[in-house]
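In case you want the letters, here they are:
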Amino acid sequence: MTRRALVVRHTSRAAAATATEVVLAELAVAGIEPVLATDDTIAADLPPFELAVVLGGDGTILRAAELTREAGVPMLGVNLGRFGFLAAVEPDDIAGAVRRLAAGDYEVEERSTVALSLTSADGQQTDGWALNEVSLEKAEPSRMLDVGIEVDDRRLERFGCDGVVVATPTGSTAHAFSGGGPVVWPDVAGMIVVPLGAHALFARPLVVGPSSVVTLLVLEDSATSGVITCDGRRTLRVGTGDRIEVRGTDRPVRLARLSPAPFTTRLVHKYALPVEGWRRTNGTIPGPIQETAPTQETAQ
(Lines give C-alpha, C1' and ligand atoms only; values in the text may rest on other atoms or scores of the structure.)
Protein backbone atom coordinates (compact mmCIF):
# COMPACT_ATOMS: atom_id res chain seq x y z
CA MET A 1 0.00 0.00 0.00
CA THR A 2 1.36 3.41 -0.98
CA ARG A 3 2.17 5.72 1.89
CA ARG A 4 1.29 9.36 1.22
CA ALA A 5 1.83 12.61 3.07
CA LEU A 6 0.01 15.86 2.36
CA VAL A 7 2.29 18.91 2.10
CA VAL A 8 0.68 22.31 2.60
CA ARG A 9 2.85 25.38 2.27
CA HIS A 10 2.54 29.15 2.41
CA THR A 11 2.68 30.03 -1.27
CA SER A 12 4.13 33.54 -0.97
CA ARG A 13 6.97 32.96 1.50
CA ALA A 14 10.41 32.34 -0.01
CA ALA A 15 11.38 30.25 3.01
CA ALA A 16 8.51 27.88 2.27
CA ALA A 17 10.01 26.91 -1.10
CA THR A 18 13.32 25.96 0.50
CA ALA A 19 11.59 24.13 3.34
CA THR A 20 9.44 22.22 0.85
CA GLU A 21 12.55 20.87 -0.88
CA VAL A 22 13.83 19.54 2.45
CA VAL A 23 10.47 17.93 3.24
CA LEU A 24 10.20 16.29 -0.18
CA ALA A 25 13.73 14.89 0.11
CA GLU A 26 13.06 13.36 3.53
CA LEU A 27 9.74 11.90 2.41
CA ALA A 28 11.45 10.30 -0.59
CA VAL A 29 14.05 8.67 1.69
CA ALA A 30 11.22 7.29 3.83
CA GLY A 31 9.41 5.94 0.77
CA ILE A 32 6.44 8.26 1.24
CA GLU A 33 4.73 9.85 -1.74
CA PRO A 34 4.10 13.58 -1.32
CA VAL A 35 0.76 15.17 -2.19
CA LEU A 36 1.22 18.91 -2.73
CA ALA A 37 -1.82 21.04 -1.93
CA THR A 38 -2.55 24.22 -3.86
CA ASP A 39 -4.53 27.23 -2.67
CA ASP A 40 -7.73 25.90 -4.25
CA THR A 41 -7.34 22.24 -3.21
CA ILE A 42 -10.33 20.82 -1.36
CA ALA A 43 -10.40 17.66 0.71
CA ALA A 44 -12.56 15.83 -1.85
CA ASP A 45 -9.80 16.24 -4.47
CA LEU A 46 -7.15 14.43 -2.45
CA PRO A 47 -6.11 10.76 -2.55
CA PRO A 48 -5.91 8.97 0.82
CA PHE A 49 -2.97 10.16 2.93
CA GLU A 50 -1.77 9.28 6.42
CA LEU A 51 0.30 12.32 7.43
CA ALA A 52 0.47 16.04 6.76
CA VAL A 53 3.33 18.53 6.92
CA VAL A 54 2.41 22.22 7.04
CA LEU A 55 4.95 24.92 6.21
CA GLY A 56 3.91 28.42 7.25
CA GLY A 57 2.28 30.25 10.12
CA ASP A 58 -0.97 29.73 11.99
CA GLY A 59 -2.99 30.81 8.95
CA THR A 60 -1.44 28.05 6.86
CA ILE A 61 -2.16 25.53 9.62
CA LEU A 62 -5.79 26.62 9.69
CA ARG A 63 -5.86 26.15 5.92
CA ALA A 64 -4.40 22.65 6.32
CA ALA A 65 -7.02 21.81 8.95
CA GLU A 66 -9.66 22.16 6.23
CA LEU A 67 -7.93 19.30 4.39
CA THR A 68 -7.05 17.00 7.31
CA ARG A 69 -10.00 17.22 9.71
CA GLU A 70 -12.41 14.95 7.86
CA ALA A 71 -9.71 12.32 7.34
CA GLY A 72 -8.62 12.48 11.00
CA VAL A 73 -4.98 12.74 9.89
CA PRO A 74 -2.36 14.31 12.20
CA MET A 75 -0.49 17.31 10.83
CA LEU A 76 2.95 18.58 11.78
CA GLY A 77 3.25 22.36 11.68
CA VAL A 78 6.58 24.01 10.83
CA ASN A 79 6.63 27.66 11.86
CA LEU A 80 7.62 29.94 9.00
CA GLY A 81 5.45 32.80 10.24
CA ARG A 82 5.88 35.48 12.90
CA PHE A 83 4.00 33.72 15.69
CA GLY A 84 3.21 30.14 14.82
CA PHE A 85 1.37 29.26 18.02
CA LEU A 86 -0.01 26.03 16.54
CA ALA A 87 3.29 24.91 15.01
CA ALA A 88 5.36 22.17 16.64
CA VAL A 89 8.69 22.74 14.88
CA GLU A 90 10.94 25.70 14.15
CA PRO A 91 12.54 25.87 10.68
CA ASP A 92 16.06 24.86 11.76
CA ASP A 93 15.08 21.23 12.38
CA ILE A 94 12.74 20.38 9.52
CA ALA A 95 14.64 17.35 8.27
CA GLY A 96 14.80 15.66 11.67
CA ALA A 97 11.16 16.44 12.34
CA VAL A 98 10.01 14.87 9.07
CA ARG A 99 12.11 11.77 9.76
CA ARG A 100 10.44 11.36 13.13
CA LEU A 101 7.01 11.94 11.63
CA ALA A 102 7.62 9.32 8.93
CA ALA A 103 8.81 6.84 11.56
CA GLY A 104 5.74 7.37 13.74
CA ASP A 105 7.83 8.93 16.51
CA TYR A 106 5.30 11.51 17.63
CA GLU A 107 2.27 12.03 19.85
CA VAL A 108 -1.15 13.19 18.72
CA GLU A 109 -2.78 16.19 20.36
CA GLU A 110 -6.47 16.55 19.62
CA ARG A 111 -7.90 20.05 19.42
CA SER A 112 -11.66 20.52 19.74
CA THR A 113 -13.68 22.23 17.02
CA VAL A 114 -17.06 23.94 16.93
CA ALA A 115 -19.91 23.65 14.46
CA LEU A 116 -22.14 26.54 13.43
CA SER A 117 -25.60 26.53 11.98
CA LEU A 118 -26.88 29.73 10.39
CA THR A 119 -30.65 29.92 9.98
CA SER A 120 -31.76 32.90 7.93
CA ALA A 121 -34.98 34.80 8.53
CA ASP A 122 -36.59 32.93 5.61
CA GLY A 123 -35.70 29.52 7.06
CA GLN A 124 -32.68 28.60 4.91
CA GLN A 125 -29.86 26.89 6.77
CA THR A 126 -26.10 26.98 6.20
CA ASP A 127 -23.56 24.96 8.20
CA GLY A 128 -19.87 25.45 8.95
CA TRP A 129 -17.16 24.71 11.48
CA ALA A 130 -14.07 26.26 13.05
CA LEU A 131 -10.92 25.26 14.90
CA ASN A 132 -10.20 28.70 16.36
CA GLU A 133 -13.40 30.71 16.36
CA VAL A 134 -16.67 31.74 14.82
CA SER A 135 -16.63 35.52 14.61
CA LEU A 136 -19.75 37.62 14.00
CA GLU A 137 -18.92 41.21 13.06
CA LYS A 138 -20.83 44.19 11.72
CA ALA A 139 -20.96 44.57 7.95
CA GLU A 140 -20.84 48.40 8.01
CA PRO A 141 -18.00 50.00 10.01
CA SER A 142 -19.97 53.18 10.76
CA ARG A 143 -22.97 51.37 12.27
CA MET A 144 -23.61 49.24 15.33
CA LEU A 145 -24.64 45.60 15.22
CA ASP A 146 -27.49 44.78 17.61
CA VAL A 147 -27.05 41.26 18.94
CA GLY A 148 -28.95 39.01 21.30
CA ILE A 149 -27.14 36.16 23.05
CA GLU A 150 -28.71 32.94 24.26
CA VAL A 151 -27.09 30.02 26.04
CA ASP A 152 -28.95 26.70 25.99
CA ASP A 153 -32.11 28.35 24.64
CA ARG A 154 -32.21 30.87 27.49
CA ARG A 155 -31.91 34.59 26.81
CA LEU A 156 -28.77 36.01 28.40
CA GLU A 157 -28.23 39.55 27.13
CA ARG A 158 -28.54 41.96 24.22
CA PHE A 159 -26.44 44.95 23.23
CA GLY A 160 -25.07 46.99 20.39
CA CYS A 161 -21.53 46.05 19.48
CA ASP A 162 -18.88 45.63 16.81
CA GLY A 163 -19.33 41.88 17.02
CA VAL A 164 -19.08 38.70 19.09
CA VAL A 165 -16.47 35.93 18.99
CA VAL A 166 -17.28 32.36 20.00
CA ALA A 167 -13.95 30.57 20.37
CA THR A 168 -12.57 27.16 21.23
CA PRO A 169 -9.79 26.85 23.82
CA THR A 170 -7.37 26.71 20.86
CA GLY A 171 -8.78 30.01 19.62
CA SER A 172 -8.49 31.65 23.02
CA THR A 173 -5.04 32.94 22.01
CA ALA A 174 -6.29 34.34 18.69
CA HIS A 175 -9.17 36.76 17.94
CA ALA A 176 -10.83 36.19 21.32
CA PHE A 177 -7.60 37.13 23.09
CA SER A 178 -7.37 40.45 21.24
CA GLY A 179 -10.95 41.15 22.32
CA GLY A 180 -10.07 40.77 26.00
CA GLY A 181 -10.94 37.10 26.47
CA PRO A 182 -9.07 34.71 28.76
CA VAL A 183 -6.29 32.34 27.73
CA VAL A 184 -7.72 28.83 28.09
CA TRP A 185 -5.59 25.69 28.16
CA PRO A 186 -6.34 23.54 25.09
CA ASP A 187 -7.40 20.49 27.10
CA VAL A 188 -10.24 22.43 28.73
CA ALA A 189 -13.65 21.46 27.35
CA GLY A 190 -15.89 24.38 26.55
CA MET A 191 -16.29 27.58 24.52
CA ILE A 192 -15.42 31.23 25.12
CA VAL A 193 -17.84 34.03 24.23
CA VAL A 194 -16.21 37.46 23.83
CA PRO A 195 -18.17 40.63 22.93
CA LEU A 196 -16.28 43.10 20.72
CA GLY A 197 -16.72 46.79 21.41
CA ALA A 198 -20.03 46.26 23.21
CA HIS A 199 -22.05 49.29 24.28
CA ALA A 200 -23.24 47.76 27.55
CA LEU A 201 -22.55 47.75 31.29
CA PHE A 202 -22.46 43.94 31.37
CA ALA A 203 -20.53 42.59 28.41
CA ARG A 204 -17.92 40.36 30.00
CA PRO A 205 -16.28 37.36 28.34
CA LEU A 206 -18.00 34.10 29.22
CA VAL A 207 -16.80 30.49 29.39
CA VAL A 208 -19.56 27.93 28.81
CA GLY A 209 -19.57 24.16 29.18
CA PRO A 210 -18.80 21.60 26.44
CA SER A 211 -22.45 20.60 25.97
CA SER A 212 -23.80 24.16 25.83
CA VAL A 213 -25.17 25.80 22.70
CA VAL A 214 -24.40 29.48 22.16
CA THR A 215 -26.90 31.35 19.98
CA LEU A 216 -26.27 34.75 18.44
CA LEU A 217 -29.23 36.62 17.00
CA VAL A 218 -28.91 39.65 14.73
CA LEU A 219 -31.92 41.58 15.98
CA GLU A 220 -34.58 42.91 13.64
CA ASP A 221 -33.85 46.51 14.62
CA SER A 222 -30.10 46.20 14.09
CA ALA A 223 -28.64 49.18 12.23
CA THR A 224 -26.55 46.88 10.05
CA SER A 225 -26.28 43.31 8.89
CA GLY A 226 -23.34 41.10 9.83
CA VAL A 227 -20.60 38.84 8.53
CA ILE A 228 -19.61 35.49 10.03
CA THR A 229 -15.99 34.44 9.63
CA CYS A 230 -14.74 30.97 10.56
CA ASP A 231 -11.04 30.87 11.44
CA GLY A 232 -10.50 34.08 9.51
CA ARG A 233 -10.99 32.16 6.25
CA ARG A 234 -14.57 31.20 5.44
CA THR A 235 -17.29 33.86 5.45
CA LEU A 236 -21.08 33.97 5.47
CA ARG A 237 -23.37 36.99 5.19
CA VAL A 238 -25.84 37.43 8.03
CA GLY A 239 -29.03 39.48 7.74
CA THR A 240 -31.26 40.98 10.41
CA GLY A 241 -33.45 38.32 11.97
CA ASP A 242 -30.87 35.59 11.31
CA ARG A 243 -29.91 33.09 14.00
CA ILE A 244 -26.44 31.55 14.51
CA GLU A 245 -26.00 28.48 16.74
CA VAL A 246 -22.52 27.38 17.80
CA ARG A 247 -21.81 24.11 19.58
CA GLY A 248 -18.98 21.68 20.20
CA THR A 249 -18.37 18.75 17.86
CA ASP A 250 -16.97 15.24 18.23
CA ARG A 251 -14.58 15.72 15.27
CA PRO A 252 -11.28 17.26 16.40
CA VAL A 253 -8.29 18.51 14.47
CA ARG A 254 -5.25 16.33 15.18
CA LEU A 255 -1.80 17.86 15.65
CA ALA A 256 1.43 15.85 15.63
CA ARG A 257 3.71 16.75 18.55
CA LEU A 258 7.34 15.67 18.79
CA SER A 259 7.65 16.34 22.51
CA PRO A 260 5.23 16.49 25.44
CA ALA A 261 5.99 20.15 26.20
CA PRO A 262 3.28 21.62 28.43
CA PHE A 263 1.10 24.44 27.16
CA THR A 264 2.61 26.72 29.81
CA THR A 265 6.03 26.39 28.18
CA ARG A 266 4.61 27.21 24.76
CA LEU A 267 2.75 30.21 26.18
CA VAL A 268 5.88 31.59 27.87
CA HIS A 269 8.01 31.02 24.77
CA LYS A 270 5.61 32.42 22.16
CA TYR A 271 4.65 35.53 24.15
CA ALA A 272 8.17 36.02 25.58
CA LEU A 273 6.69 36.26 29.07
CA PRO A 274 9.06 37.71 31.72
CA VAL A 275 9.71 34.71 33.96
CA GLU A 276 13.40 35.32 34.73
CA GLY A 277 13.97 36.93 38.10
CA TRP A 278 10.61 35.72 39.37
CA ARG A 279 10.62 35.27 43.16
CA ARG A 280 9.79 31.93 44.70
CA THR A 281 7.79 31.73 47.93
CA ASN A 282 10.90 31.05 50.02
CA GLY A 283 12.28 34.44 49.08
CA THR A 284 15.09 33.22 46.86
CA ILE A 285 15.56 34.61 43.39
CA PRO A 286 16.40 31.81 40.99
CA GLY A 287 17.95 32.03 37.57
CA PRO A 288 16.01 30.91 34.50
CA ILE A 289 13.32 28.36 35.31
CA GLN A 290 15.17 25.28 34.18
CA GLU A 291 12.28 22.85 34.23
CA THR A 292 10.42 24.90 31.61
CA ALA A 293 13.31 26.51 29.74
CA PRO A 294 12.68 25.90 26.04
CA THR A 295 14.95 23.54 24.16
CA GLN A 296 14.87 22.97 20.42
CA GLU A 297 11.80 20.74 20.79
CA THR A 298 10.21 21.69 24.10
CA ALA A 299 9.97 25.33 23.06
CA GLN A 300 7.03 24.29 20.94
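Everything below is about the structure shown above.
### Here we look at the sheet that holds strand β17 (residues 243-248)
Part 1: Taken together, 6 strands build an open sheet; the order of strands is β7-β6-β17-β14-β9-β10 and the sheet is antiparallel. Sheet topology places β7 (125-130) and β10 (154-161) at the edges, where each strand pairs with a single neighbour. Here the average twist between neighbouring strands, direction ignored, is 20°.
Part 2: When strand β6 (residues 114-119) meets β17, the two strands line up antiparallel, connected through 6 bridges. Residue valine 114 lies in a different strand from β17, and its bridge partner there is glycine 248.

### Some words on the sheet that holds strand β8 (residues 133-138)
Part 1: Strand order in the open sheet formed by 6 strands is β13-β12-β11-β8-β15-β16, with antiparallel pairing between adjacent strands. Of all strands in the sheet, those with a lone pairing partner are β13 (206-208) and β16 (234-238), marking the two edges. With direction set aside, neighbouring strand axes in the sheet form an average angle of 15°.
Part 2: Both strand β12 (residues 191-196) and β13 contribute to a ladder of 3 bridges, which runs antiparallel. Across the sheet, the residue bridging to methionine 191 is valine 208, located in β13.

### Comments concerning unusual backbone geometry
Part 1: The phi dihedral of aspartate 231 falls on the positive side, at around 60°, and the residue is not glycine.
Part 2: Inspection of the secondary structure puts aspartate 231 in the loop between β15 (226-230) and β16.
Part 3: Taking relative accessible area as the criterion, aspartate 231 reaches 6% and is therefore assigned buried.
Part 4: In this model, alanine 272 sits at a positive phi of 50°, which is unusual for a non-glycine residue.
Part 5: On the accessibility criterion, alanine 272 (64% relative accessible area) is exposed.

### Concerning the packing of aromatic side chains
Part 1: Tallying each qualifying case throughout the model produces 4 aromatic pairs.
Part 2: Aromatic side chains phenylalanine 85 and tyrosine 271 sit 5.9 Å apart centroid to centroid with 55° between the ring planes, which places their arrangement in the tilted category. A residue pair is termed long-range when its members are at least 10 positions apart, and phenylalanine 85 in the loop between β4 (75-79) and α3 (94-102) and tyrosine 271 in helix α5 (residues 263-271) qualify at 186 residues.
Part 3: Phenylalanine 85 sits in the buried class, given a relative accessible area of 5%.
Part 4: Residue classification places tyrosine 271 among the partly exposed positions, given a relative accessible area of 26%.

### Remarks on the nonpolar core
Part 1: One finds Val134, Leu136, Val164, Leu216, Ile228, Ile244 and Val246 to be the most contacted residues of the largest nonpolar core, which totals 26 residues.
Part 2: Top contributing element to this core by residue count: strand β9 (residues 145-151), with 4 residues.
Part 3: Those residues in contact with leucine 136, other than ones at most four positions away along the chain, are Leu145, Val147, Asp162, Gly163, Val164, Leu216, Val218, Gly226, Val227, Ile228, Val238 and Ile244.
Part 4: By size, the runner-up hydrophobic cluster in this structure holds 22 residues, among which are Ala19, Val23, Leu51 and Val98.

### Observations regarding the packing of helix α1 (residues 14-29) against α3
Part 1: Running from amino to carboxyl end, α1 crosses α3 at an angle of 35°, the nearest separation of the two axes being 9 Å. Seen along the crossing, α1 lies across α3 with a hand that is right-handed. On the side of α1, the interface is formed by Ala19, Val22, Val23, Glu26 and Leu27, while α3 contributes Ile94, Ala95, Val98 and Arg99.
Part 2: Partitioned by chemical class, the residues of the contact of α1 with α3 number 7 nonpolar, no polar and 2 charged.

About the criteria used
Residues numbered from 1 in each chain as written. Predicted model: local features only at pLDDT ≥ 70, side-chain atom pairs only at ≥ 80, totals over all residues. Heavy atoms only, no water. Pairing = 2+ DSSP bridges. Helix = DSSP H or I, 4+ residues; strand = E, 2+ residues; numbered from the N terminus. Axes fitted to C-alpha atoms, helices over the stretch in contact; angles between N-to-C directions. Buried < 20%, exposed > 50% of the residue type's maximum accessible area, 1.4 Å probe, protein only. Phe/Tyr/Trp six-rings, centres within 6.5 Å; stacked < 30°, edge-to-face > 60°. Core = buried A, V, L, I, M, F, W, Y, C linked by side-chain atoms within 4.5 Å. Contact = heavy atoms within 4.5 Å. Left-handed = near helix turned anticlockwise from the far one by under 90°. Nonpolar A, V, L, I, M, F, W, Y, C, P; charged D, E, K, R; others polar.

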